Amino acid sequence: QIADLADKYSDGEIRLTVEQNALLPNVDPSKLEALKAEPAFDAAAGSRLAVDPGNVIGHTVSCTGSQFCGLALIETKASAERVATKLDKLIALERPLRIHWTGCPNSCAQVQVADIGLMGGPAKKLDPETGKMMAVPGVSIFLGGTVGEGAHLSLEPYKTGVPMEDETLIPELVAIAKEHFGAVDK
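Figured I'd write up the structure that's included with this text.

Rules used in this analysis
- Residues numbered from 1 in each chain as written.
- Predicted model: local features only at pLDDT ≥ 70, side-chain atom pairs only at ≥ 80, totals over all residues.
- Heavy atoms only, no water.
- Axes fitted to C-alpha atoms, helices over the stretch in contact; angles between N-to-C directions.
- Helix = DSSP H or I, 4+ residues; strand = E, 2+ residues; numbered from the N terminus.
- Parallel < 35°, antiparallel > 145°, perpendicular 65-115°, else oblique.
- Left-handed = near helix turned anticlockwise from the far one by under 90°.
- Contact = heavy atoms within 4.5 Å.
- Nonpolar A, V, L, I, M, F, W, Y, C, P; charged D, E, K, R; others polar.
- Salt bridge = Lys/Arg side-chain N within 4 Å of Asp/Glu carboxyl O.
- Buried < 20%, exposed > 50% of the residue type's maximum accessible area, 1.4 Å probe, protein only.

## As for the packing of helix α3 (residues 77-90) against helix α4 (residues 166-181)
Contact geometry for α3 and α4: axes closest at 11 Å, N-to-C directions at 50 degrees. The angle between α3 and α4 places the two elements in the oblique class. Of the two possible hands of crossing, α3 and α4 adopt the one that is right-handed. Contacts from R82, V83, K86, L87 and L90 of α3 reach α4 at D166, I170, L173 and V174. Across the contact of α3 with α4, the residue classes tally to six nonpolar, no polar and three charged.

Here it is in structure tokens:
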């Protein structure tokens, strides 16, 4: 779909960003509305492409995760999409919030340069049936990495062993987004 749109609107040119987004450069301004109206951008028809995906979804990056990588400790792609979609519904930001998910310490998704980096790792939570702690998929959270001029790597985790279940992770991310990145409730 992207290649077809590029052929039709940007002389066949597609540019890819470090945030896993695709750009169609040099679209004639007179064709911009027609491009936005293309079926490839119709979310109601199940399209995952968007012209303006939002300040969370549009800036979320993930590695391939455990589905395709034997080193990954967690599934990242579906988790990243699900959590970003929920966060976009819960919070509003005046700027993009870059969330990077990586399945293991190799950090293919570069969590150290994200506003919020999530690295797969072990976590524990209380099993309500047995009253004992049980191992669950989890993440370490990194904060405040930047790229570009004055770049800064977030090398030490802000928090470790956070269970990945939505009931635990999403409130944690909402609180971080509010406290550190100026997010407000929608």
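## Structural notes on the pattern of salt bridges
By the definition in use, this model includes ten salt bridges. The salt bridge partner of E165 is K125, with a shortest N-O separation of 2.7 Å. Separated by 40 residues along the polypeptide, E165 in the loop between β8 (159-163) and α4 and K125 in strand β6 (residues 116-126) bring together distant segments of the chain. What makes K125 partly exposed here is its relative accessible area of 24%. Between K159 and E172 there is a salt bridge whose closest N-O contact spans 2.9 Å. Of this pair, K159 sits in strand β8 while E172 is found in helix α4, placing the two residues 13 residues apart along the sequence. For K159, a relative accessible area of 34% corresponds to the partly exposed category. Using a relative accessible area of 18% as the deciding quantity, one classes E172 as buried. When salt bridges that share partners are traced, they join R82, K86 and D166 into one network.

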